[in-house]
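# Reading the structure
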Amino acid sequence: MVDNNEEVKIDDDDIIEKIKNGDSNAFEVLVKKYQKGIYRLTYRMTNDHFTADELAMETFVRAYKSIKRFRKGANFFNWIYTIAVRLCLNFIKKEKRRIDVDPSNIDAYSIKVKSNDGLLEKVIAKEENTRIREAIRRLPEKLKVVLLLRVDEELSYAEISRVLKIPSGTVMSRLNRARERLKQSIGDYLRK
Amino acid sequence: MKHKKIKSLIGAYLDGELHGKLKNLIEEHLKTCSECKKELDVLKALDKKIRQEKIVFPADSYWDYLPKRIMKKIGTREVGGFLSFRIPRIKWELAGGMIVLLLTFIVFRQMVVDKGKEQLEHVVLMDRSEDEMRETITASEGEGIGVSSTGSISGKKAGMVKDGETVKTKKADVDVSKVSTPKEVMKSPSVTAEESEKRYFGKAGVEKSADIAGQAAPAKKESEAANGALSGMQNELEIRGGRKQIDILSDIKEKENYLKTSKDKVETQNARRSLVRLLYTNANMTRSRVDLERAMKEVQTYRDSYPSDYEDTLELYDDSLQLLIEEMEKEEETSKERK
């Protein structure tokens, strides 16, 4: 998903050609175009704005550094998403010591604190959002990334296949598994 | 097509990935199968919920400034930040140095082993030739023929003696009874290693032995040195295991110093955000009360400085840190009760 600004109409290939010819400022146009999409993905993958910010920045820096290897005519969107996905997966893999708080504990704690402020209704309304977010967060990374690329970014199976370098059949089976798991964890909200 | 197979394709149908006959087949099936229809509705609801799950994006100013931050980072070629997969240049240099050291050690070790083998073979040959000569002496005593077995056989000579060969002289000039076999020497507890060598090899033998030992000693020293280097490398690797925290601590210090002098509002906010993230990561690693409380304090400082900025992440940090403190307090209480 891209920003709705005037630069969107400019062809990615033209911008990349300028960058390759030494106009590094042209890269800013690409950043503006894809920043929200990349940020959304990094945030969804990490569930942490501060980390998402760092990963989004890192994605663009790495894209810039490798731009000479980008083939003309290829899909820049897929290419930069591939970088972002890999950075996220690497980060998550290496953050094994990261705290893994049981979401039920967090909810209980939030409710406990907030109810003291008389904001229980707001918290209950928020709870569903939290549950869904936590259910997605708890998916295995391989399933999560396929689900987010499909549902959030609305990529086709073929596009996901190219970004993740896996067969389309695998995309479909991973999506099925991701949806099955989510049905099990947030099924009660789906029936509302 | 079987019901089970069709059910597994409902997701793909919902995603618009099916076309032609297959799509028609699914649609026909959905008209008659309530279970599959229900599955489709559930999946639709699920996707809707996922899309509806609100992401509170940062304020507009963030998007104005993010491209500038990225361009600045590209300009200064500063890659990384607190991220664990950052590999600073110094680490590459260290890794390169370690590889060279390791290769040197392997090559040197092989040389020492080869040399040792060569010398061992030499000694074995000497041993064998002494035995052969002794047998010859014994056999030739009655015939009045002796072997020059003064024990002063040089290594080279001994090395030249081959199986089945005997070296004959005019007369035995040695009291054969005084010649001890290596086994006897070894059996005698009062005989020191040096004496045993002297008794068995004679002076030259000792010299030769000393020569071998002399060659082996520096080799041993170098081997020990190489082992020491390896041990040093192992220590270095062990240290590297905890290096991430060292990096984090150094980054924390850097951010704190930057915040003392920074005047740029946006940069200050970025640095403070990084500091919160670093302190949070560090607290999760150490799980010490001091670090946890320090991180919580910084979360609060950020919240006070930039109200309504990244509320959900700050809330998550706060809750996580609070839970860790509670867990720690419970553990402390349990250990007190046990005592």
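Residues numbered from 1 in each chain as written. Chains lettered and ligands numbered in written order. Predicted model: local features only at pLDDT ≥ 70, side-chain atom pairs only at ≥ 80, totals over all residues.

### Remarks on the interface of chain A and chain B
Each partner contributes residues to the interface: chain A has 45 residues there, and chain B has 44 residues. Of all elements in the fold, only α2 (27–46), α3 (49–66), α4 (76–94), α5 (103–116), α6 (120–137), α7 (141–152) and α9 (168–190) of chain A reach the threshold of two or more residues within the side of chain A that touches chain B. Here the element with the most residues in the side of chain A that touches chain B is α3 of chain A; it accounts for 9 residues. By residue class, the composition of the side of chain A that touches chain B is 21 nonpolar, 9 polar and 15 charged. (Contact = placed C-beta atoms within 7 Å. Helix = DSSP H or I, 4+ residues; strand = E, 2+ residues; numbered from the N terminus. Nonpolar A, V, L, I, M, F, W, Y, C, P; charged D, E, K, R; others polar.)

### Describing unusual backbone geometry
All names here are of chain A. A positive phi angle is found at N47, which is not glycine, with a value near 60°. Structurally, N47 is set in the loop between α2 and α3. The phi dihedral of E154 is positive, around 55°, even though this residue is not glycine. With respect to the element layout, E154 can be found in the loop between α7 and α8 (157–164). Look at E154 and you get exposed, because 12 C-beta atoms sit within 10 Å. (Buried ≥ 20, exposed ≤ 12 C-beta atoms within 10 Å, placed from the backbone.)

### Quick word on the confidence of the model for chain A
Residues and elements named next belong to chain A. Within chain A, residue pLDDT values average 79, and 76% of them lie at 70 or more. Confidence over residues 1–8 falls short of pLDDT 50; this stretch has 17 contacts with residues more than four positions distant or in other chains. Across residues 97–118, where pLDDT falls below 50, the model places 25 contacts with residues more than four positions away in sequence or in other chains. (pLDDT = per-residue confidence, 0-100.)

### Some details on the environment of A158 of chain A
Within the secondary structure, A158 of chain A is located in helix α8. Taking the C-alpha atoms as reference points, A158 of chain A and G169 of chain A, separated by 11 residues in sequence, lie 9.6 Å from one another.

### Considering the packing of helix α12 (residues 289–305) of chain B against helix α13 (residues 311–338) of chain B
Residues and elements named next belong to chain B. At a closest axis distance of 10 Å, the pairing of α12 and α13 adopts a crossing angle of 155°. For the element pair α12 / α13, the angle class is roughly antiparallel. Crossing geometry of α12 relative to α13 is assigned as left-handed. Counted together, R289, L292, A295, M296, V299, Y302 and R303 of α12 and L314, Y317, D318, L321, L324, I325 and M328 of α13 form the full contact between these two elements. Split into classes, the residues belonging to the contact of α12 with α13 amount to 11 nonpolar, no polar and 3 charged. (Axes fitted to C-alpha atoms, helices over the stretch in contact; angles between N-to-C directions. Parallel < 35°, antiparallel > 145°, perpendicular 65-115°, else oblique. Left-handed = near helix turned anticlockwise from the far one by under 90°.)

### Section: the nonpolar core
Of all hydrophobic cores here, the largest spans 58 residues; its most connected members are A84, V146 and I160 of chain A. Not counting chain neighbours up to four residues away, the residues in contact with I160 of chain A comprise V146, L149, R150, L155 and V171 of chain A. With 18 residues, the next largest nonpolar core counts L275, M296, Y302 and L324 of chain B among its residues. (Core = buried A, V, L, I, M, F, W, Y, C linked by C-beta atoms within 7 Å.)

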